[in-house]
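The residues making up each chain are set out below.
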Amino acid sequence: MSATSGRPRLEGRRIVITGAASGVGAATVELFLREGAKVAGLDLDPGGRRTDALSSLALDVADHGAVDRAIGDAAHRMGGIDGVVNAAGIIALKPFIEMDAPEIRRLLDVNLIGPINVCRAALPFMCAAGQATIVNVSSGAGLLPLANCAAYAASKGGLNALTKALAVEYAPSIRVNAVAPGLIDTPMTRNRLGGEIPAGMAEAYPLKRTASPAEIADVILFLTGPESSYVTGATLAADGGRTLH
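We now turn to the structure provided with this report. (Residues numbered from 1 in each chain as written. Predicted model: local features only at pLDDT ≥ 70, side-chain atom pairs only at ≥ 80, totals over all residues. Heavy atoms only, no water.)

1. So, the side chain of S55
- Along the chain, the position of S55 falls in strand β3 (residues 54–58).
- The exposure class assigned to S55 is buried, which follows from its relative accessible area of 7%.
- Once you skip the residues sitting within four places of it in the chain, S55 turns out to touch V39, A40, G41, R49, R50 and R77. (Helix = DSSP H or I, 4+ residues; strand = E, 2+ residues; numbered from the N terminus. Buried < 20%, exposed > 50% of the residue type's maximum accessible area, 1.4 Å probe, protein only. Contact = heavy atoms within 4.5 Å.)

Here is the structure:
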């Protein structure tokens, strides 16, 4: 709820969220629905859930034509688009020399070309709406890379640059920001680490723990809601202090 009015922070807002079926995307969907938004949740496997406030659409964000169709459908269902959250993403943790061309291409396609596709398709609707927002889910690796994630870091660094460029180009009618999480306890993270997050992995973080998806969703809500009305072009590190931005 809004601290000043007692009303839901996103009442009347119409938001597209990618990566909506799990992890940070799913947590953001649930939070935004509680805060009064209408949501179009896009994912490779959206699960078929649908309510008056939520529509779920199957989508590969790397497929330009499919994105155009899905965004058009979402705008039709919701009566327009006031915001986008690009939460879809994949990760690969291995030495760069061991990555083959298809792996690198897929990382870039999902993590960078995907948000580009979604933003390009949604921008006409957001320009028509006015006072719209874009929040890109980047990574601390895009601010301060680690070993064995060069392609991933490049994709997220590119997303940070895209965030700034769109913020300049579409101000003042659209605010564009990014959140750069650190270690999050999600199915994707656990799968990439062999099923469990090693106990000592969080020691590199001043807060000495992993984040929950809900904690990152709270940051996305801040960047989408009225409390951040004077914030654009920012990449907000929500990484337990690892990059100390």
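2. Thoughts on the packing of helix α1 (residues 23–34) against helix α6 (residues 213–224)
- Relative to each other, α1 and α6 sit at 55°, their axes nearing to 8 Å. By the criterion of interaxial angle, the relationship of α1 to α6 is oblique. Relative to α6, α1 is oriented so that their crossing is right-handed. Contact residues: α1 offers G23, V24, A27, T28, L31 and F32, while α6 offers P213, A214, I216, A217, D218, I220, L221 and T224.
- For the contact of α1 with α6, the per-class residue count stands at ten nonpolar, three polar and one charged. (Axes fitted to C-alpha atoms, helices over the stretch in contact; angles between N-to-C directions. Parallel < 35°, antiparallel > 145°, perpendicular 65-115°, else oblique. Left-handed = near helix turned anticlockwise from the far one by under 90°. Nonpolar A, V, L, I, M, F, W, Y, C, P; charged D, E, K, R; others polar.)

3. Observations concerning the pattern of salt bridges
- If you walk through the whole model with that rule in mind, you get nine salt bridges.
- For E11, the salt bridge identified is with R7, shortest N-O distance 2.7 Å.
- Put simply, D60 and R106 hold a salt bridge, and the shortest N to O gap is 3.3 Å. Separated by 46 residues along the polypeptide, D60 in the loop between β3 and α2 (64–78) and R106 in helix α3 (residues 101–129) bring together distant segments of the chain. (Salt bridge = Lys/Arg side-chain N within 4 Å of Asp/Glu carboxyl O.)

4. Notes on the sheet that holds strand β4 (residues 83–86)
- Ordered by their spatial adjacency, seven strands build an open sheet running β3-β2-β1-β4-β5-β6-β7, and the pairing between neighbours is parallel. Among the strands making up the open sheet, the edge pair consists of β3 and β7 (235–238). Within the sheet, the average angular offset between the axes of one strand and its neighbour, ignoring direction, is 15°.
- When strand β6 (residues 174–181) meets β7, the two strands line up parallel, connected through four bridges. Along β7, the bridge assignment pairs A180 with A237.
- This element, α6, spans β1 (14–18), β4, β5 (132–137), β6 and β7 of the sheet and lies at about 165° to β6. (Pairing = 2+ DSSP bridges.)

5. Observations regarding the state of the cysteines
- Evaluated as defined, the whole model comprises zero disulfides.
- The thiol of C119 is not disulfide-bonded; the next cysteine sulfur, from C127, is found 11 Å away. (Disulfide = S-S within 2.5 Å.)

6. So, the nonpolar core
- Judged by nonpolar contacts, the single largest core of 32 residues is most densely connected at V16, I71, I81, V84, M126 and I134.
- With eight residues, α3 is the largest single contributor of residues to this core.
- In this structure, V84 is in contact with I15, V16, V118, A122, M126, T133, I134 and V135, ignoring residues within four places of it in sequence. (Core = buried A, V, L, I, M, F, W, Y, C linked by side-chain atoms within 4.5 Å.)

7. A look at α1
- Relative to the 16 Å expected for twelve residues at 1.5 Å per residue, α1 spans 17 Å between its end C-alpha atoms, a close match to the ideal helical length.
- Here α1 has its buried residues at G23, V24, G25, A27, T28, V29, L31 and F32.
- Following α1 by one or two positions, G36 has its phi on the positive side, about 95°. (Expected span 1.5 Å × (residues − 1).)

8. Thoughts on the packing of α2 against α3
- Between α2 and α3, the shortest axis-to-axis distance is 9 Å and the interhelical angle comes to 35°. Crossing geometry of α2 relative to α3 is assigned as right-handed. Across the interface between the two elements, H64, V67, D68, I71, G72 and A75 from α2 touch N117, V118, R120, A121, A122 and F125 from α3.
- Considered class by class, the residues forming the contact of α2 with α3 number seven nonpolar, three polar and two charged.

Nothing here speaks to function; it is all geometry.
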